[in-house]
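One letter stands for each residue in the lines below.
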Amino acid sequence: MGPIVSSDVPTPFADLLSKALNIRSITLVDFLSNTLILRQTAPYLPVTSLVALAKTSRAFRHIVRQSPDAFRYLDLSPIKSAICPIDEPLDSGGNNWRRERMDESLTEDDFYSGPLRSIFSKLERQHLLRNVHTLVLDGLSVTAELVKEFMTEERYNVRILSIREVKHLNERKLQQYLRYVSRPSRPAGTPRVKSIYLFGPREPPAPTMSVTKRSASPDSRGVMSSQGAQIGAEWNQKSTDALNAALARTEAKWYQPSGRMMVKRPSADWAEILQSCEGIIAFDAVLCRGPRHDPSKAYITEGPANGLPLPGSFLRPAIATVALGPSGCENCHSSPEEPAIFGHSAPSHFPLLSPVPLHWSSTRAAQTPRMLDGSRPPPLFVRCEDCLKGRWCERCHKWWDEECYAGSTVAQRTELQQTEFLETLEPDGTTHVVPKQSIKVHMGLCVAKCLVDEWMAGAGGNGMWG
Ligand SMILES: [Zn+2]
Ligand SMILES: [Zn+2]
Ligand SMILES: [Zn+2]
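Residues numbered from 1 in each chain as written. Chains lettered and ligands numbered in written order. Predicted model: local features only at pLDDT ≥ 70, side-chain atom pairs only at ≥ 80, totals over all residues. Heavy atoms only, no water.

Student: I keep staring at the sheet that holds strand E5 (residues 259-260) and nothing clicks. Help me out?
Tutor: Note on sheets: strands pair through backbone hydrogen bonds, and any given pair is parallel or antiparallel. Spatial ordering of the open sheet is given by E5-E7-E8, a layout of 3 strands whose pairing is antiparallel. The open sheet terminates on both sides in strands that have one partner only, identified here as E5 and strand E8 (382-383). The pairing of strand E7 (residues 322-323) with E8 spans 2 bridges and is antiparallel. Bridging across to E8, valine 322 finds its partner in arginine 383. (Pairing = 2+ DSSP bridges. Helix = DSSP H or I, 4+ residues; strand = E, 2+ residues; numbered from the N terminus.)

Structure representation (structure tokens):
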């Protein structure tokens, strides 16, 4: 097979490139043989295209097989053969699937991870598996055993692993394996995987999917009734996203006032796993550093008062699930725990950021927020929901820290529910509705603005006060 792009059949791009490089003709083989170009290009090519390219000629096969960059980033999530054909192998009567497969030795792990294992064996036979440094398996059937193999077996070289919203992952087993691979007596150079995306939502597969994806996102508020409303909501979301990105100067959601960041709230055990993996494996989540998790600062109490935890009582380690944005507490613009400053604070204070980096496979690259204006990253304020109870508005994401606001008590809340809103007359003749008291957050909404908006919206119908 001859050159794909030659001076006889010029394409505008090859033509430009030829002129720029001052050479008469350039072939696609020349083009992709350049390490830098292949490194930048390959992650954008679906793996099926790479495989198809390798089949076209000896030269392309050589590039795809020999270059460590062709398969450095491997996203199997859109690959049909990677999907487990049956989601639920166990029928109501027992394990029929085993009888159907005519193989008594088949384990559940073999079954669920079968499609992926067969892809990995093929890649291994072609000596491509060792080149894979970033592996994306979002949404696929991924067992804890398979994850353990990525972390411990020498045939794998995966540094960044993304297993967001995967199926058939036994969390308990995965926790055990993570504890095991990060044990103090672990062999040098292990675990092989240094970064795991696990807690956040997977990235939408294509831009056209964003409308449906958005309504299924953890932050969605209700189901949209019509397409018009959906498009309107989409535009609202887009302008909110743009505004948040402009304020934080980065598109990294963890650095914006994004609110809840996880698909589901991680169980309490995960906080301990993150602690034991600190400095060994990074996750797309970090521990909350609110003062109540610090035994030296928190007031240790026997039990809850009036059914609610005391404002200063001790909290077990917890994962920070809420992104608060770069501004800090509404009053003092800081927080009792210093915010994490990129480049200064410990690396374990920074979550892996979405999307999974395409061109680099290091933890540092995955944690670095890309700034829109090239400036230094803003301070990172993140917390768990317990540390924000009664002090964070879920709608506008304003919050007040422990030093600026004691939080509301049961007595105050009852008082608020009995409080009538005052209607004040502004000098320009407009009326303004304000509550009388000093409670800042009630029922997850800030009293000064969002609660009033809610009350106004519900005043005609049956709002939260109805
Ligand atoms: Zn404050
Ligand atoms: Zn907390
Ligand atoms: Zn608010």
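Student: Help me out: how do you make sense of the coordination of the zinc ion (ligand 3) in this one?
Tutor: Each angle at a metal carrying four tetrahedral donors should ideally be 109.5 degrees, and each at a metal carrying six octahedral donors should ideally be 90 or 180 degrees. Looking at the zinc ion (ligand 3), one finds its protein donor set to be Cys393 (SG), Cys396 (SG), Cys446 (SG) and Cys450 (SG), positioned 2.2 to 2.4 Å from the metal centre. One way to put it: the 4 donor atoms around the zinc ion (ligand 3) meet at angles of 104 to 116°, and that makes the site tetrahedral. Exposure remark for cysteine 450: the relative accessible area of 2% places this residue in the buried category. (Donors = N, O, S within 2.8 Å, 3.2 Å for Na, K, Ca; no water. Tetrahedral: all angles 85-135°; square planar, octahedral: opposite > 155°, others 65-115°. Buried < 20%, exposed > 50% of the residue type's maximum accessible area, 1.4 Å probe, protein only.)

Student: Hey, could you run me through empty space enclosed by the protein in this one?
Tutor: If you roll a probe as big as a water molecule over the atoms, it shows you where there is empty space left. All chains considered together, the criterion is met by 1 cavity of 30 Å³ or more. Considered as a void within the structure, the largest cavity measures approximately 70 Å³ in volume. Along the wall of the largest cavity there are 14 residues; nearest its centre are Arg289, Glu337, Leu380, Phe381 and Val382. (1 Å grid on protein atoms, 1.4 Å probe; cavity = no way out; pocket = protein on both sides within 12 Å on 5 of 7 lines; lining within 4 Å. Points joined across faces, edges and corners; volume = space filled by probe spheres on them.)

Student: Before we go on, may I ask you to explain the coordination of the zinc ion (ligand 2) in this structure?
Tutor: Protein-derived coordination of the zinc ion (ligand 2) comes from Cys288 (SG), His293 (NE2), Cys384 (SG) and Cys387 (SG), at a distance range of 2.0 to 2.3 Å. Taken in sequence order, the residues that donate to the zinc ion (ligand 2) follow the motif C-x4-H-x90-C-x2-C. Taken together, the residues span a long stretch of sequence, with histidine 293 in the loop between strand E6 (282-283) and E7 and cysteine 387 in the loop between E8 and helix H14 (410-418) at a distance of 94 residues. Accessibility assignment for this pair places histidine 293 and cysteine 387 in one class, buried.

Student: Can you walk me through the pattern of salt bridges in this structure?
Tutor: As a working rule, side chains carrying opposite charge can pair if their charged atoms are close by. Considering all chains together, one arrives at 21 salt bridges under this definition. Its salt-bridge partner being arginine 164, residue glutamate 203 comes within 2.9 Å of it at the nearest N-O pair. Taken together, the residues glutamate 203 in the loop between strand E4 (195-197) and helix H10 (210-215) and arginine 164 in the loop between strand E3 (160-162) and helix H9 (171-181) connect sequence positions 39 residues apart. A relative accessible area of 1% means that arginine 164 is categorised as buried. We note a salt bridge from glutamate 171 to lysine 264, for which the minimum N-O separation is 3.0 Å. Taken together, the residues glutamate 171 in helix H9 and lysine 264 in the loop between E5 and helix H12 (269-276) connect sequence positions 93 residues apart. The exposure class assigned to glutamate 171 is partly exposed, which follows from its relative accessible area of 30%. Assessed through its relative accessible area of 55%, lysine 264 is described here as exposed. Counted as one network, the salt bridges with shared partners bring together Asp109, Arg117, Glu124, Glu149, Glu153 and Arg155. (Salt bridge = Lys/Arg side-chain N within 4 Å of Asp/Glu carboxyl O.)

Student: Whenever I open this one, the sheet that holds E3 confuses me. Can you help?
Tutor: Taken in spatial order, the 5 strands of this open sheet run E1-E2-E3-E4-E6, and their pairing is parallel. This sheet does not close on itself; its edge strands, each paired only once, are strand E1 (73-75) and E6.

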